[in-house]
Structure formats: structure tokens, C-alpha cells
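Topology and contacts: notes
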Amino acid sequence: MSDAETGSVGRATLLASVLAGALSGGFVYTLQPLYMRYLGAAVGNGSPEIGLAAWIGTTIVLGVIFGSLAMNHAKRGNSTTGYGLVYGIVLAVFAGLLAIPEAVTATTQWEFPYTQVGVSTLVGFAIYGVVLGSLFGKSINRRPLRPLFLVGRTGSTLLASLVAGIVTGAVMVVAAPHHLVYFALVAGAGGSVPAGFAVFLLFALLLGAGFAVFPARRVERQDLPGQSGFKLGAIYGMVLLLLGGVVLVPQFLGSATAFDPPRPGVAVLAAYLLFGIVHGISYGVIEGQGGAAPAFLQGRVVPVLGGTVLGGAAGAAFISLVNPQPIYFLGLSYLGVSPSWQIGVGIWFGLVFLLGVAFVPLAARAVESRIGVGRGVLVGTVYGVVLTALVGAFLVPSLVQSRGFPIDSPNTQTTIFAYLVFGLVFGGVYAALRKRRLAREELPTSPSIGTKGQRAIVFGSLFGGAAGGLLAYHMVGPVTMLFMGSLVGRAGSLGVGWLVWLGLSVVLGMVFAVAVGPRLSDYTRSIDEFAEREEDVNETLGDYLEDAPVTTTATMAGFVYGVVVAVAVGAIAIPIAVNTVSTHGMPVPILQPYFLLAFVVYGLIMGLGYGVVKEF
């Protein structure tokens, strides 16, 4: 072996060992400082800092051993990451779990049984092995040291992560400052919210790196214009919400501090979803080929934003006029963490923005078919009436009521007509701004989201779920949604219960689409033949079968499906699931008539909505 080769191996070994040891040591130091105290007691005064230094020294020695074992494999141009992972697992068992505790027990006055070694320490050894193997092989073969998924994306990922981190952190400062306090405690900065904000920005870089693993590649591809930064960011945000916000982050903050963080609230979970969306949009602007906005919003971003600002302001002004004391905004603020009318105004504008985005797939085609301000006002007014009846009267009051704010559900106060005002103004502004854009477009983009079959499933399921849920909520009582919330450990939250109910509705709708959808044409033909033979049936269904055969058949199939679901899911499966995951007892089978009727109504309305979208 030449001197140059020896020097190359030595530098690679030292570099990989030091970086891997420091990274894994910092991980263990943060999550299980007790292990570092024991290790520090074996070589010094027992402080975790001495233990960290001993860890890094030990890992350098272990890195030299790894280098001698993996040297030939790396020189052949092969990756040594897999070798490193195996090496780290072996070290976790024989060094982390057995040798080090035995050495501490033998050289100090402290007993250190292996049962006190935490999972985080074993994971730390695995991290050490992976980083050691990856850096060693790349150094030998003169490849970029950063992970492959960051090659060519480092700058874009850092910038998008910082933008998303700043936006999300600012929202948390207002709506969930207690969450940032725990990040400050991790860094030893006490209860400082600004310090927590700074630590969260560092954490945002890690979250952003996760986006670069896979979603970033789809944003960058020119042949996938539909894979927008918004869509992929929203999907990634949902992953962060479920895995990070609900599970991993609370466990990390609890392990890294002396306090047990509270269960994440709506504001905290929404912040992680927001991070994914903002990061995806930012990355799409920097690197994307198909635009940052989803396909159905391309060419409509400015009309939606303009309509949201002016329509939302008009609705807010209406609320202030009919109720000078902003009690409605105060009620909305209870959806956040720190109730105030200012927070309520912010939530109002966030809500109307979502309603403005929803206007595009639901009503944009009706406006753009014969574009004009008058038509926009007319369609917007109809949209506002629907929002008033569903969102203003039922949905928002139910969510606010679940947070402890005294408000009637359904809400019949004059303030709910703010949704009508919003719809009217939004429609007119949307039409005016969209007309200017259409004059410059050769091929306007479609306002549709997904395939017709996907839209049929989502629309039918949510339409039927809303109808069945409202029936159960008002005829059985709020306890229905509380039981649904108990399925995910949130028995006291009506809002979570509604989300579970609607999520179950979508799942059941997908089952309906798989089981019935491909056979709708056969069912339609069979019913048509039966109607021709039976005069009474033909007299009742003949016109419907002629004008809307698919919708008629889907509605009938949905009714039958609803009866089956009422028995299988409503009477049996849900009570068993509630009794299994919570202490809230439900009789099995449950025979509450309105509860079972809710599933039948769901099936009927779901089939109707599914058929309408599929046929028309």
C-alpha cells in the first residue's frame, strides 16, 4: 500500500469517526443524558460532558477498527453504508448494552444494569454505524459527503426549509407559544419563546431534508406538471402531522427535557401541516418545472387571493356591523390556543381562504363558461348560501362548541350571513380577475381535481358523511362524535370526532367504489330490463332511468350499501372498536335507531353524489 493510499484511508477513518461520533454522541446526550453520566463516571467526575468526550474518544477507536475491516471493500468502489449499519447494530448490543454498563459497574461505585440502557442509546449506536460507513466509503472514493438525496438540492432545500420554518414558527408564536418553549428547553434556554423559535428553525432544516428524500424529485420532473409543490407539500405535511406532530416530536421533547409535553392541540398539528405546504410551494418556486400551485389553481391564484382578501374583508365588516362586540371572532379564536378576537380574525381569513380554494373545483366552471362579473356574483351568491347553511350554521358552531365556547348549533344568529356576503363578493372579484387572465391564456387549465372517479368518491363520501353525521349529531346527540373521537384517543373532542367520522365516510366510499363502481353499467342494464317487465317499476323509475341511469342505479345501490354498513359497521364494528381502545362502553350490537339510520342516509346520499359526478 502506497503512502498516498495510507494517508487517504487514515484521513477518511478520522473524518468519518469524528463526525459520526459527534453526531451520535449529541443524539444520546440529548435523549439519554444519564447514559453519558455513567460513561463520564467511568473516566472522570460523572458529568455528561465528560461522558460525551469519552463517547467520541471511544468511537474514534471503534472507527479505526471499522476502517481496517471495510478498507478493501471501499477501495473497490463499493458503498460501505450497509457495513456501517451492521457494525452499529453489533456495537449497540455488545458495546452499548453489555460492555460499557459492565465497565461502569466494575470501575465505579454505581450499579449500571443493562436494563437502564434506553432505546435512544441503542439507536445512537446505529446512527453512528450508518454515518461512519457512509462517510468512510464516500471519502475513500472521493464522492460528495452529503447524502445522495441532497446532492444538487442542498441550497434549494435550505432556503425552502428556512422560509417554511419562519412562517410556521411565526404561527406558533401566536397560536402555540408553549410548543416553542419545549424546543427552548431542549437547548437549555429556559422558557424563552424566541430561543425556542431559533431551535425550531434548526429543526425545520431537518424536516426540510425529509422532503428532499422523495417528494422533491417529483416536483422537479418536467413530465409531471400535475405534481405541484402545493400538492406534494400538503401530502408531506400530513405525514409530518401524523408521525411528527402526534407521535415522534412529543416523545423527543419529553425525552430531551424534564417535562412531559401536553398532548398536541389543533394549532400545533396544523402548524406541521402548514410547514409541509409552505415548504412544498417554496421548493416548487425554486426548483419546480410545473409551477408551485396545483394544476387546478394554475391561472387562478391571483383571482382566488383577490377574492379571499376582499370577500373576507367584506364578511368581517358585516360581522362587525351586526355585532359591534366581535363575539363571533372570539368564538372562532377558541379553535386556537390563546383566545382573542384578533386571533379570531386571523382564523376567519384562513377559513375563507380555504373556502376560496374550494370554490375553484366546485363552481369555477360555472363562472368561466360565460365569464362576467354579473355571472360571478350570481354563482358566488349561490356558493355563499351553501356556505351559510353548512359552514356557518353547523360546521363552525360544532367545532367552536367542542372547544368550550357557548354557541348554538345550528347557529341562527345574523352573523352567519357573513358567509353569504363573502360568497357574493368573492364571486364578483374572482370573475373580474379571472377574465383578465383568460384573455391572455391559449388553453385555460381545468378546475377539476383528480380523475372523475376520484372526485366522485370524495364528493359522494363527504356529502353523504356530512348528511349522516348531522342526523346522528342532532338526533342522537354530540355523544356520537365523542365516541368517534375516542377511537383515536380524543374522546373529549367533537372536532376530532367529526374528522374521524368523515374519514370513515371516505374509506367506506372507497369500498363502495371498488365493490360497486365497476359494475354500475351491469346493474343499470339489469334494472332497466326489470323495469321493462314490471309496469309499476317502470312507471316509478322509467323517467329516472332514461334521464340519469347511472345516478339512479348508484343511488339505489348506495341505499342497499347503507343498510349493510349500518348493520356491519354501525351496530357491530364501531361499538367493538370503541370498547377495545377506550373505557367508554357501548352495547354490542348497538340498536339506537337514529344512529343506524345515519349510516343508511350516508349510503343513500353517498350513492347519489357518486352517481351525479360519474354521470355528469
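Now for a description of the structure that goes with this document. Residue indices follow the written sequence of each chain, beginning from 1 at its first position. Thresholds applied to this predicted model are a pLDDT of at least 70 for local features of residues and 80 or more for the giving and counting of side-chain atom pairs; totals over whole chains, interfaces and linings are not thresholded and use all residues. With hydrogens and water excluded, all non-hydrogen atoms of the structure serve as input to the side-chain values.

Attention now moves to the overall build of the protein. For helices the rule is a DSSP run of H or I covering at least 4 residues; for strands it is a run of E covering at least 2, with both sets numbered from the N terminus onward. For the protein, the helix and strand inventory stands at 23 helices and zero strands. The buried share of the protein, taken over its 616 residues, is 45%. In what follows, a contact means two residues having at least one pair of non-hydrogen atoms within 4.5 Å. Sequence-distant contacts, at least 24 apart, represent 73% of the contacts inside the protein between residues at least 6 apart. The classification of residues rests on relative accessible area computed with a 1.4 Å probe and restricted to protein chains. Under 20% of the type maximum is buried, over 50% is exposed, and intermediate values are partly exposed.

The biggest cluster of nonpolar side chains holds 36 residues, and the ones touching the most others in it are Met481, Trp501, Phe512, Ile574, Phe595, Phe599 and Tyr610. Elements with a contribution of two residues or more to this core: helix H17 (452-475), helix H18 (479-486), helix H19 (494-515), helix H22 (549-581) and helix H23 (593-615). Sequence-distant contacts of methionine 481, that is, excluding residues within four places in its chain, are made with Gly469, Tyr473, Ser493, Leu494, Gly497, Trp498 and Trp501. Throughout, nonpolar core names a set of buried Ala, Val, Leu, Ile, Met, Phe, Trp, Tyr and Cys residues whose side chains join them through atoms within 4.5 Å. Counting residues in each nonpolar core, the second largest holds 33 residues, with Val304, Ala316, Val360 and Ile407 among its members.

Position of arginine 217 among the secondary structure elements: in helix H9 (residues 215-220). Taking the C-alpha atoms as reference points, arginine 217 and arginine 153, 64 residues apart in sequence, are found 9.6 Å from one another.

This brings us to a negative patch on the surface. Only residues above 30% relative accessible area that lack a salt bridge enter a patch, with like-charged residues linked at up to 9 Å and the nonpolar side chains Val, Leu, Ile, Met, Phe, Trp and Tyr linked at up to 5 Å. Surface accessibility in these figures is a Shrake-Rupley result with a 1.4 Å probe; residues are shielded only by whichever protein chains are displayed. Any Lys or Arg side-chain nitrogen found within 4 Å of a carboxyl oxygen on Asp or Glu counts as a salt bridge. Within this scheme the basic residues Lys and Arg register as positive and the acidic residues Asp and Glu register as negative, but His and the chain ends are omitted. To locate a charge, take NZ of a lysine, CZ of an arginine, CG of an aspartate or CD of a glutamate. Taken together, the side chains of Glu534, Glu535, Asp536 and Glu539 present a region of like negative charge at the surface. As for its position among the elements, aspartate 536 is in helix H21 (residues 535-547). A relative accessible area of 60% means that aspartate 536 is categorised as exposed.

Okay, the side chain of serine 505 next. Secondary-structure assignment places serine 505 in helix H19. Apart from the residues within four sequence positions on either side, serine 505 is in contact with Ser461, Gly465 and Tyr602.

So, about the pattern of salt bridges. Considering all chains together, one arrives at three salt bridges under this definition. Residue glutamate 368 pairs with arginine 300 through a salt bridge whose shortest N-O separation is 2.9 Å. Residue glutamate 368 is located in helix H14 (residues 341-368), and its partner arginine 300 is located in the loop between helix H11 (266-287) and helix H12 (301-322); the two are separated by 68 residues in the primary sequence. The class for arginine 300 is buried, based on a relative accessible area of 0%. Salt-bridge contacts for aspartate 522 lead to arginine 525; the nearest nitrogen and oxygen are separated by 2.6 Å. Of this pair, aspartate 522 and arginine 525 both sit in helix H20 (residues 520-533), three residues apart, roughly one helical turn. Residue aspartate 522 is classed as partly exposed on the basis of its relative accessible area, which comes to 37%. Residue arginine 525 is classed as partly exposed on the basis of its relative accessible area of 45%. Through salt bridges with shared partners, a single ionic network connects Arg300, Glu368 and Arg434.

With that settled, the discussion passes to the environment of isoleucine 527. Looking at the element boundaries, isoleucine 527 is found in helix H20. A C-alpha to C-alpha distance of 9.8 Å links isoleucine 527 and threonine 552, two positions 25 residues apart in sequence. In contact with isoleucine 527, not counting residues within four places along its chain, are Leu545, Thr553 and Met556.

Another aspect to go through is the packing of H18 against H19. Here, axes are lines fitted to C-alpha atoms. For helices the fit covers the stretch in contact, and angles between N-to-C directions go from 0 to 180 degrees. It is at 7 Å that the axes of H18 and H19 come closest, and there the two elements cross at 75°. Taken together, H18 and H19 sit at an angle that is classed as roughly perpendicular. Between H18 and H19, the residues in contact are Met481, Leu482, Met484 and Gly485 and Leu494, Val496, Gly497, Trp498, Val500, Trp501 and Leu504, respectively. Side-chain classes are defined by residue name, with Ala, Val, Leu, Ile, Met, Phe, Trp, Tyr, Cys and Pro counting as nonpolar, Asp, Glu, Lys and Arg as charged, and the others, Gly among them, as polar. In terms of residue class, the contact of H18 with H19 is built from nine nonpolar, two polar and no charged. Note on terminology: angles under 35 degrees are roughly parallel, angles over 145 are roughly antiparallel, angles of 65 to 115 are roughly perpendicular, and the others are oblique.

All right, on to the environment of tyrosine 602 then. With respect to the helices and strands, the residue tyrosine 602 is situated in helix H23. Residue tyrosine 602 is classed as buried on the basis of its relative accessible area, which comes to 2%. In contact with tyrosine 602, other than residues within four places in its own chain, are Ser461, Gly464, Gly465, Gly468, Ser505, Leu508 and Gly509. Side-chain atoms alone can form a polar contact between residues adjacent in sequence; in general such a contact is a pair of N or O atoms within 3.5 Å, and within protein one must be able to donate a hydrogen while the other accepts it. Within the structure, tyrosine 602 has its side chain in polar contact with the backbone oxygen of serine 505 (distance 2.6 Å).

As a packed pair, H17 and H19 sit with axes 8 Å apart at the nearest point and diverge in direction by 135°. Our classification of the angle between H17 and H19 gives oblique. In the packing of H17 onto H19, the handedness of the crossing is right-handed. Taking contact as the criterion, the partners of Ile457, Ser461, Leu462, Gly465, Ala466, Gly468, Gly469, Leu470 and Tyr473 in H17 are, on H19, Leu494, Trp498, Trp501, Leu502, Ser505, Val506, Gly509, Met510 and Ala513. Its residues assigned to classes, the contact of H17 with H19 comprises twelve nonpolar, six polar and no charged. Left-handed describes a crossing in which the near helix is turned anticlockwise from the far one by less than a right angle; the clockwise case is right-handed.

For serine 461, the location among the structural elements is in helix H17. Looking at serine 461, its side chain comes within polar contact range of the main-chain oxygen of isoleucine 457, at 2.6 Å. If sequence neighbours within four positions are ignored, serine 461 has contacts with Ala456, Ser505, Val506, Gly509, Tyr602 and Met606.

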